[in-house]
Structures are given as C-alpha cells and as structure tokens.
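Single-letter residue listing:
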Amino acid sequence: ISVHTPHPPRSPYSPPGGDPGESDEALAARLRGRPEGEAAHSVALLTARHWRAMQDYAAVCLASSGQTAAMVTAAALHRVLDRVAVGESAVALRPVLLVGVRDTVREWAADDRIAEVLPALQKPAGGRGMRAATTMTPENRTLAHRAFRSLPALARCLLWHVEVEAEPISVPAGLLGMDPDIASG
C-alpha cells in the first residue's frame, strides 16, 4: 500500500529551517556588523542549507570523501561567510560556496606542507590534478562562465539550482525568500 502525499519529496539540498520567506541574503544581512554570538542563528541556517552540496562537491574535487572533504567544506564555508559578513552578496550563494570549495582544494593541494598531512590532496584524480591544471575553466566554457557571471544575482540563483542542480523551483525560491510561482514566472 502506498500513501500519496500532495507534496513532492524534498531535494537533499532543500533549504531546511528558518522562515520560508527568509532568504540567504536576509540571513547574511544578520551577519554584517553583529558580534559573532549574535550571528550564530544565521550561520547555522546557511550551513544547514548548503553543507551537503558543498561536501559532495569537495568529495568530487578530492576524488575522495571523508575527513578531508569535511575539512575543505568547513574552510570554504568559513572563507565565504567571512566575505559575506563584510558585505559580499549572498543572493546566489551556492555557486560561490562551490567555487570556494574548489579553490580551497586547489590551494591546499598546492601547499606541500598541507598535502603532506592530508594525503587525499595528493590523488592524481583529485587535488594533485587540480594543482597541475593551469585553469579550472575549460576554454569552451569561458563564454558560458562570463555570461553566467553577468546575469543578475537572482537569475544566477534560479538558473544554478534549477538547471545545474536539477532542483525544483521551490528550492531556489526558498533560498531567495520568494514565492515559487513568482520565481517560475
């Protein structure tokens, strides 16, 4: 016997917690100019919303999951949220966080002292391969990359989550704090 539910299953990257109208940018605004203790709520919600996607991507970049992927994820999250706390936009946060993961893997793999203590960075298919790459954007994707960056932040968020992560429109709408009907229009 199956029970039909009127709601589709949640994507594994759906934004948990918080008011459905509470966008990533609204949460980020609470990070700006506040003491660290007062920012805990926003940091917790942003972490809950984006951690899994970041850690999954760290595992792809490293060609390995586990402790190193979690460490890369934490470091990248910290770096990006530090930039957001001083004014960087959080409207299209997921792609920025994923680039932060990639950049952290690449930087750590390029540092022999770090790579020595984190062997996952030395895999040819992972960190070491990223270290050897001259650019992380293939030539044929440069135009697409520039076009994506030139879009307004709301459009980048919607496009990223719907087309790249194949999530329902309700996910980016929730991250943006907007009604899904308006987001799909």
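Caption draft 1: How the structure looks around the overall build of the chain. Along the chain, the regular secondary structure elements total 10 helices and 0 strands. Start at the N end of the chain and walk to the C end: the helices and strands fall as α-α-α-α-α-α-α-α-α-α. Evaluated residue by residue, the chain yields a buried proportion of 38% over its 185 residues. Restricting the contact set of the chain to residue pairs at least 6 apart, pairs at least 24 apart contribute 59%.

Caption draft 2: Geometry of the nonpolar core. If you look at the biggest cluster of nonpolar residues, it comprises 31 residues, and the most contacted ones within it are Met54, Val72, Val84, Leu93 and Leu121. Those elements that place two or more of their residues in this core are α1 (24-29), α2 (40-62), α3 (67-85) and α4 (93-110). For this core, the element with the highest residue contribution is α4, accounting for 8 residues. Residues Val91, Leu158, Leu176 and Ala183 belong to the second largest nonpolar core, which totals 7 residues.

Caption draft 3: Broad picture of the side chain of glutamate 167. Here glutamate 167 shows up in the loop between α8 (153-164) and α9 (170-176). As a buried residue without a salt bridge, glutamate 167 has its nearest oppositely charged side chain in arginine 94, at a separation of 4.0 Å. A polar atom in the side chain of glutamate 167 sits 2.7 Å from the side chain of histidine 161.

Caption draft 4: Inspection of the pattern of salt bridges at higher detail. With the rule as written, the count across this model stands at 8 salt bridges. Where arginine 79 meets glutamate 107, a salt bridge forms, and the shortest distance between an N and an O atom there is 2.7 Å. Within this pair, whereas arginine 79 is found in helix α3, its partner glutamate 107 is found in helix α4, the two being separated by 28 residues in sequence. A salt bridge links aspartate 103 to arginine 102, with the shortest nitrogen-to-oxygen separation between them at 3.4 Å.

Caption draft 5: Broad picture of α8. Counted at 1.5 Å a residue, the expected span for α8 with its 12 residues is 16 Å, and the 15 Å between its end C-alpha atoms agrees. Looking at the buried positions of α8, the neighbouring elements they touch are α4, α7 (142-150), α9 and α10 (180-183). Where α8 ends, the next residue or the one after it, alanine 166, has phi of about 55°, a positive value.

Caption draft 6: A look at the packing of α3 against α4. Axis separation between α3 and α4 bottoms out at 8 Å; the angle between their running directions is 125°. Between α3 and α4, the crossing angle belongs to the class labelled oblique. As α3 runs across α4, the sense of the crossing is right-handed. Packed against α3, whose contacting residues are Met71, Val72, Ala75, Ala76, Leu77, Arg79, Val80, Arg83 and Val84, the element α4 presents Leu93, Val96, Leu97, Gly100, Val101, Thr104, Val105, Glu107 and Trp108 at the interface. Taken together, the residues of the contact of α3 with α4 sort by class into 13 nonpolar, 2 polar and 3 charged.

Caption draft 7: Up close: the environment of alanine 40. Following the sequence through the fold, alanine 40 ends up in helix α2. Sequence separation of alanine 40 and arginine 30 is 10 residues, and the distance between their C-alpha atoms is 9.5 Å.

Caption draft 8: Summary view of the side chain of serine 42. Within the secondary structure, serine 42 sits in helix α2. Taking the relative accessible area as the measure of exposure, serine 42 reaches 1% and is therefore buried. Apart from the residues within four sequence positions on either side, serine 42 is in contact with Leu27, Arg30 and Leu31.

Caption draft 9: Geometry of the confidence of the model for the chain. In the predicted model, the chain carries a mean pLDDT of 81, and the fraction of residues at 70 or more is 78%. The secondary structure element of the chain with the lowest average pLDDT is helix α6 (residues 127-132), at 54, and the one with the highest is α3, at 96. Low pLDDT (under 50) marks residues 1-14, which in the prediction has 15 contacts with non-local residues, meaning those over four places away or in another chain.

Caption draft 10: α2, seen in detail. Its axis deflected by about 50° at histidine 50, α2 carries its strongest bend there. In the segment just after α2, alanine 63 is the residue with positive phi, at about 55°.

Analysis parameters
- Residues numbered from 1 in each chain as written.
- Predicted model: local features only at pLDDT ≥ 70, side-chain atom pairs only at ≥ 80, totals over all residues.
- Heavy atoms only, no water.
- Helix = DSSP H or I, 4+ residues; strand = E, 2+ residues; numbered from the N terminus.
- Buried < 20%, exposed > 50% of the residue type's maximum accessible area, 1.4 Å probe, protein only.
- Contact = heavy atoms within 4.5 Å.
- Core = buried A, V, L, I, M, F, W, Y, C linked by side-chain atoms within 4.5 Å.
- Lys, Arg positive; Asp, Glu negative; His and termini not counted.
- Salt bridge = Lys/Arg side-chain N within 4 Å of Asp/Glu carboxyl O.
- Polar contact = N/O pair within 3.5 Å; in protein donor to acceptor, adjacent residues only side chain to side chain.
- Expected span 1.5 Å × (residues − 1).
- Axes fitted to C-alpha atoms, helices over the stretch in contact; angles between N-to-C directions.
- Parallel < 35°, antiparallel > 145°, perpendicular 65-115°, else oblique.
- Left-handed = near helix turned anticlockwise from the far one by under 90°.
- Nonpolar A, V, L, I, M, F, W, Y, C, P; charged D, E, K, R; others polar.
- pLDDT = per-residue confidence, 0-100.
- Bend = angle between axes of the 7 residues up to and from the residue.

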